[in-house]
Amino acid sequence: MTIHSIEYGNSRIEFNLTYSTRKTLGIVVRPDASVDVTAPEGSTLEHIKALVHKRGHWILRQQQDLARYPDPAPARDYVSGETYTCLGRRYRLKVLESPKDIVKPTRGWLRVYARDRDPARIQRLVEAWYRARAQHIFAKRLEACYRRVQHLGIPYPALAVRKMQARWGSCPGPDRILLNTRLVQAPIACIDYVILHELCHLAEPNHGVRFEVLLTRVLPDWRERREQLNMMELPW
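Residues numbered from 1 in each chain as written. Predicted model: local features only at pLDDT ≥ 70, side-chain atom pairs only at ≥ 80, totals over all residues. Heavy atoms only, no water.

S.K.: What should I look at first to understand the overall build of the protein in this one?
M.R.: When its secondary structure is counted, the protein shows six helices and 11 strands. With the C-alpha coordinates of the protein rotated into their principal frame, the extents come out at 65 × 45 × 30 Å. Counting over 236 residues, the protein shows a buried share of 43%. Summarising the internal contacts of the protein: among those between residues at least 6 apart in sequence, 46% fall at separations of at least 24. Carbon and sulfur atoms make up 50% of the accessible area of the protein, which totals about 13,100 Å². If you average the places of the 38 positive and of the 25 negative side-chain charges in the protein, the two averages end up 6 Å apart. (Helix = DSSP H or I, 4+ residues; strand = E, 2+ residues; numbered from the N terminus. Buried < 20%, exposed > 50% of the residue type's maximum accessible area, 1.4 Å probe, protein only. Contact = heavy atoms within 4.5 Å. Areas by Shrake-Rupley, 256 points an atom, 1.4 Å probe, with all protein chains shown as cover. Lys, Arg positive; Asp, Glu negative; His and termini not counted. Charge placed at Lys NZ, Arg CZ, Asp CG, Glu CD.)

S.K.: Quick question: what am I supposed to make of the layout of surface pockets here?
M.R.: Where empty space is left can be seen by rolling a probe of water-molecule size over the atoms. Put simply, the largest pocket is a space of about 750 Å³. Around the largest pocket sit 30 residues that line it, and Gln 62, Asp 65, His 197, His 201 and His 207 are the ones nearest its centre. Of all the secondary-structure elements, those providing two or more residues to the lining of the largest pocket are helix H2 (56-68), strand S10 (169-173), helix H4 (188-203), helix H5 (209-218) and helix H6 (222-231). Among the elements that make up the lining of the largest pocket, the one with the highest residue count is H2 (six residues). (1 Å grid on protein atoms, 1.4 Å probe; cavity = no way out; pocket = protein on both sides within 12 Å on 5 of 7 lines; lining within 4 Å. Points joined across faces, edges and corners; volume = space filled by probe spheres on them.)

S.K.: Any chance you could explain the side chain of Ser 98 here in plain terms?
M.R.: Along the chain, Ser 98 turns up in the loop between strand S6 (89-97) and strand S7 (102-106). Here Ser 98 falls in the buried class, since its relative accessible area comes to 18%. With residues near it in sequence (within four places) discarded, Ser 98 still touches Tyr 113, Ala 114 and Arg 115.

S.K.: What should I look at first to understand the sheet that holds strand S8 (residues 109-114) in this one?
M.R.: Strand-to-strand pairing in sheets goes through backbone hydrogen bonds, with the strands running parallel or antiparallel. Across the sheet, four strands lie side by side as S5-S6-S8-S7; this open sheet has mixed pairing. Only two strands of the sheet have a single neighbouring strand rather than two, namely strand S5 (83-86) and S7. Across the sheet, the mean angle separating the axes of adjacent strands is 35° when strand polarity is ignored. Relative to S8, S6 runs parallel, the two being bridged by six bridges. Note that in S8 the partner of Glu 97 across the bridge is Ala 114. Its contacts with the sheet place helix H3 (residues 119-149) against S5, S6, S7 and S8, and it is angled at close to 125° to S8. (Pairing = 2+ DSSP bridges. Axes fitted to C-alpha atoms, helices over the stretch in contact; angles between N-to-C directions.)

S.K.: What exactly am I supposed to notice about the sheet that holds strand S9 (residues 158-162) here?
M.R.: The mixed open sheet is built from three strands, whose spatial order is S9-S11-S10. Only two strands of the sheet have a single neighbouring strand rather than two, namely S9 and S10. Neighbour-to-neighbour, the strand axes of this sheet turn through a mean angle of 25°, independent of strand direction. Where S9 lies against strand S11 (residues 176-180), five bridges are found, and the strand directions are parallel. Pairing of Ala 160 across the sheet is with Leu 178, part of S11. In the packing of H3 onto the sheet, contacts are made with S9 and S11, and the angle to S9 comes to roughly 145°. Where H4 meets the sheet, it contacts S10 and S11, and its direction lies at approximately 25° from that of S10.

And the structure:
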């Protein structure tokens, strides 16, 4: 691996370069905002830099998005007194011993009933509760949001949910969207923004003027919702 850079407007883009047997150039922006470039064997550095420069706007946009994403959450102890969030509302964790494992959010408390207070058990229960809530809420919001873009002729996508560190959502295929489990902590308005963002990508894959025009058409206040989401501290 070697390190190189290009000048793009007033910005300097550094990238790690490796060669492989692949036939096309690959560019990946990592969660730490570093850039990895994989080029076909035999490619000249001049040609590689020209292709990286061509993708300069996309690279800088990815790095800007990552800079707005909250810092990694501190380690959790999963003991009574910690704060957790769901749909923008904060809950105080209360661990209680019980013959059955149950998680109940009631009156500002996230009550976890467990056979013992082992932090590993409490963590499994809390994360399972978040996953279940995310699957249920995201499915309902996808149904509601899809009605706003149905006229575009895009297919109703399959929904996948998983915990991610550097994205609220993504569009990994022509008929599939992926949402971050942690997004369930945000208010419904922010969840809808992410879902509509990904739905618009089914019609327009690139982050360009056409994409922003389309997103503005279906969600005029998307910039405000994005700012609200990026300013939130989601500790889990």
